[in-house]
Amino acid sequence: MLVVAAWLGGLAPVAPAFAQTQPTAAAPANNRIEKIIAAEQGGDIILKLSMAQPLAAIPASFSVASPARIAFDFPDTANGLGRNSQTLNAGDLRSVSIVQVGDRTRLVLNLARVFPYEARIEGKDILITLAAGHFKEAASMTPQASQFAPAAIGQADRHAIRDINFRRGKEGEGRLVVDLSDPNAGIDIRQQGNSLIVDFLKTEVPEQLRRKLDVVDFGTPVSSVLTQTQGGNVRMTVTPRGLWEHNAYQSDNQFVLEVKQVKEDPNKLIQGIGKARFGGEKLSLNFQNIDVRSVLQVIADFTNFNIITSDSVQGNLTLRLKDVPWDQALDIILQARGLDMRKNGNVIWVAPRDELAAREKLDLEAKAQIGDLEPLRTESFQINYHKAKSVAEFLRSKDQTVLSKRGNVVPDERSNKIFVNDVGSRLEEIRRLIAEVDVEVRQVLIEAQIVEATDTFARNLGVRLGFGAKTGGLLGTTNGGVSVYRNTIGGGLAGTGYQAGQISTIPTFQTDALNVNLPASSINAKQAGALSFALWNSAATRFIDLEVSALEADGRGKVVSRPRVMTADKAEAIIEQGSEIPYQTLSGGGLSSPTVSFKKANLSLKVKPQITPDGKVMMAIEVNKDQPRYDQPVAGGNVPIDTKHVKTDVVVENGGTVVIGGIYIQEVGNNTTKIPLLGDIPVLGYLFRNNERKDNKTELLVFISPRIINDQLGLR
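Residues numbered from 1 in each chain as written. Predicted model: local features only at pLDDT ≥ 70, side-chain atom pairs only at ≥ 80, totals over all residues. Heavy atoms only, no water.

Caption draft 1: Local environment of the pattern of salt bridges. For the structure shown, the criterion picks out 29 salt bridges. Among the ionic pairs, Asp199 bridges to Arg235, the shortest N-O distance being 2.8 Å. Of this pair, Asp199 sits in strand β17 (residues 195–201) while Arg235 sits in strand β21 (residues 233–240), and the two are 36 residues apart along the sequence. Among the charged side chains, a salt-bridge network with shared partners connects Arg377, Glu379, Glu428 and Arg431. (Salt bridge = Lys/Arg side-chain N within 4 Å of Asp/Glu carboxyl O. Helix = DSSP H or I, 4+ residues; strand = E, 2+ residues; numbered from the N terminus.)

Caption draft 2: Examining the sheet that holds strand β28 (residues 347–352) more closely. Spatial ordering of the open sheet is given by β25-β28-β27, a layout of 3 strands whose pairing is mixed. Both outer strands of the open sheet, β25 (306–309) and β27 (339–344), are each paired with one neighbouring strand and no more. The mean angle between the axes of side-by-side strands here comes to 25°, regardless of whether they run parallel or antiparallel. Two elements, β25 and β28, share 4 bridges in a ladder whose sense is parallel. Bridge pairing links Asn306 to Val347 in β28. Sitting on the sheet, helix α2 (residues 292–303) touches β25, β27 and β28, and the angle it makes with β25 is about 165°. (Pairing = 2+ DSSP bridges. Axes fitted to C-alpha atoms, helices over the stretch in contact; angles between N-to-C directions. Contact = heavy atoms within 4.5 Å.)

Caption draft 3: Focus on the packing of α2 against helix α3 (residues 326–336). Packing of α2 against α3 brings their axes to within 11 Å, and their N-to-C directions diverge by 165°. Compared by their axis directions, α2 and α3 come out roughly antiparallel. Along this stretch, α2 crosses α3, giving a crossing that reads as left-handed. On the side of α2, the interface is formed by Val292, Val295, Leu296, Ile299, Phe302 and Thr303, while α3 contributes Trp326, Leu330 and Ile333. (Parallel < 35°, antiparallel > 145°, perpendicular 65-115°, else oblique. Left-handed = near helix turned anticlockwise from the far one by under 90°.)

Caption draft 4: Region of the structure containing the packing of aromatic side chains. Here the structure, examined in full by the defined rule, presents 4 aromatic pairs. Both rings, one in Phe72 and one in Tyr117, keep their centres 5.7 Å apart while their planes meet at 75°; by these two values the pair is edge-to-face. Here Phe72, found in strand β6 (residues 69–74), pairs with Tyr117, found in strand β11 (residues 117–122); they are 45 residues apart in sequence, far enough to count as distant. Residue Tyr117 is classed as partly exposed on the basis of its relative accessible area, which comes to 28%. Measuring from ring centre to ring centre gives 5.3 Å for Phe166 and Phe218, while their planes differ by 75°; the resulting arrangement is edge-to-face. (Phe/Tyr/Trp six-rings, centres within 6.5 Å; stacked < 30°, edge-to-face > 60°. Buried < 20%, exposed > 50% of the residue type's maximum accessible area, 1.4 Å probe, protein only.)

Caption draft 5: Inspection of α2 at higher detail. The first and last C-alpha atoms of α2 sit 17 Å apart over 12 residues, in line with the 16 Å expected at 1.5 Å per residue. Turning to α2, its buried residues are Val292, Val295, Leu296, Val298, Ile299, Ala300, Phe302 and Thr303. The opening residue of α2, the one whose side-chain oxygen lies 3.1 Å from the backbone nitrogen of Arg293, is Asp291. At the C-terminal side of α2, Asn304 shows a positive phi close to 65°. (Expected span 1.5 Å × (residues − 1). Polar contact = N/O pair within 3.5 Å; in protein donor to acceptor, adjacent residues only side chain to side chain.)

Caption draft 6: Summary view of the environment of Gly242. With respect to the helices, strands and loops of the structure, Gly242 is situated in the loop between β21 and β22 (244–251). The exposure class assigned to Gly242 is exposed, which follows from its relative accessible area of 65%. Put simply, Gly242 and Val222 are 20 residues apart on the chain and 9.3 Å apart in space, counted from C-alpha to C-alpha.

Caption draft 7: Local environment of the nonpolar core. Residues Ile333 and Val350 are the most contacted members of the largest nonpolar core, which totals 27 residues. For this core, the secondary-structure elements that each account for two or more residues are β24 (282–291), α2, β26 (316–325), α3, β27 and β28. Looking at this core, the element that brings in the most residues is α2, giving 7 residues. Contacts of Ile333, omitting those with residues within four sequence positions, involve Val292, Val295, Leu296, Ile299, Leu317 and Leu319. (Core = buried A, V, L, I, M, F, W, Y, C linked by side-chain atoms within 4.5 Å.)

Next comes the structure, spelled out in structure tokens:
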């Protein structure tokens with residue numbers, strides 16, 4: 001933190017004081033780093049770390065020559081500073097970086113050159129002294145590689161690598177994960193050209209792991225990882241792309257190397273402050289009636305930025321700021337005088353807002369005039385996954401702003417290319433747009449499972465009762481001069497063999513003259529069983545016929561239908577199977593001839609999937625299951641159709657299953673048909689009534705399972 005004071009317009013700088021930050025809430029670890037202060041004393045640099053609790057021992061450390069760094073590892077310690085870096089600018093000590101992984105924290109000192117150093121504990125503080133006067137001695141003693149983990153003394157001489165994996169992190173970083181046989185292997189890390197070299201000392205690697213991994217498809221800064229043996233060591237060569245930074249840590253037998261892309265915004269004052277608006281190093285300013293240009297010069301000296309002020313920047317101001325980030329202090333000064341700034345690289349241009357706006361307007365008008373005069377170029381673009389005509393229509397639409405007013409686009413359907421004639425800057429925009437739009441369409445396999453379960457139960461009990469008497473000397477009637485005994489249930493008594501218990505279920509009312517006719521009815525086309533017998537007197541002048549019929553039906557069934565269809569992302573698909581049922585209609589009254597029409601009775605699945613960015617599948621689904629009832633025709637011979645239909649929108653995990661609909665039907669009935677009064681007599685009343693009971697259950701469930709198709713790996 002820089003402290004500057006001025007009285008009565010005079011500027012009296014004070015020597016740089018200690019840098020400090022505000023403590024944050026405690027982390028889950030037992031200890032934490034709460035404050036970092038740096039100062040110069042007698043040519044040496046002293047760094048003071050304030051801990052929440054005293055340390056039992058000095059933390060392990062190592063140094064790196066290129067770039068010049070010193071690292072300290074704090075076990076069971078959290079980062080309580082609230083940020084991952086702090087700029088110090090104390091002599092050759094530029095800044096410190098603090099990285100926390102789990103309950104371990106690494107403190108890295110970023111130096112301009114290599115120094116010998118020592119650390120000691122004073123209560124809750126750790127004092128790190130950098131001996132700047134011994135630079136030459138330190139340069140000769142410091143190794144050229146970063147010894148991430150020195151080999152443990154007294155452990156096994158040889159170590160082994162068991163497995164090597166590469167993954168993509170949540171923020172797009174490349175993560176190389178190495179499983180070791182034990183945690184005591186020595187590891188050196190160094191940067192060589194555009195590559196990162198990791199050496200595992202006295203380590204062996206299996207033959208199947210000695211290979212080059214092409215990891216470009218992971219979309220990380222890392223393009224390849226080469227593993228090979230060198231003498232008794234194993235060397236991994238990691239090749240990143242673009243601007244990057246790396247971080248390494250080890251947990252038990254697992255070593256992890258992370259390579260993260262660095263994106264620098266040339267218009268941003270402080271890089272890497274996330275969502276916070278201000279994140280510069282804190283300073284204090286106390287001025288009375290001082291010129292604005294002088295204050296801007298103080299900030300330029302503190303930040304090492306090049307600040308250019310316009311000739312129209314004039315006036316004085318009085319301010320007192322204490323422990324304020326320097327970028328916030330600059331913003332306060334600009335607002336107080338009606339100024340604004342523009343940053344490009346390490347140059348900041350300060351001028352009144354109106355002047356900046358007018359200058360930018362002139363620049364834009366000049367660019368527009370250049371665009372009107374710039375020569376046109378023609379370039380062809382190959383369209384792979386869309387139709388060239390649709391892309392050309394999109395570029396020519398009135399709502400788009402990609403083509404200039406002089407631009408033109410022509411599609412060629414045979415080669416599926418588009419030819420664009422426009423200025424060079426617009427061609428670059430069109431190339432970027434086509435690269436984002438013309439991508440391979442992902443596909444989804446949707447499977448529907450329709451399950452119909454039935455559970456039926458029915459019971460029916462009935463009775464037929466008849467009474468016969470002698471007429472004209474004989475019982476019954478005479479047919480051709482032959483006397484025949486007529487049974488009131490099923491025919492002639494002698495002719496039908498009722499003495500043997502013969503069953504007859506088709507009586508004739510005119511000839512049999514039943515007294516009670518309440519037999520058990522059939523169920524689902526199944527005939528009821530019957531038991532009949534006859535009682536007569538010794539003279540055969542009177543007899544009683546009785547038939548008892550009963551039926552009990554119990555059934556369970558399940559019908560499973562599984563339609564499945566594959567379609568592209570955001571493309572509707574339909575699959576159906578079934579038949580068309582004819583039916584007759586009369587359109588002009590009773591005198592017109594009937595017209596035959598057809599109605600579909602299908603099992604169909606219609607779906608339109610959409611893959612979400614997090615890998616889920618959002619679907620608009622319509623499932624239809626029709627069943628013609630040929631056993632229940634209606635008037636005119638037409639066939640009714642039982643229809644089951646589900647239409648809904650759902651979001652399902654990739655490979656998951658969801659129930660989108662269900663219908664449960666239960667039909668319970670108990671019917672009794674009886675002769676009044678006689679049917680109510682206890683016990684004997686069963687001879688004068690019919691009992692029917694049923695309990696039918698039907699359940700319908702519809703399941704949907706989507707799977708995203710990966711061309712290289714099959715089903716994901």
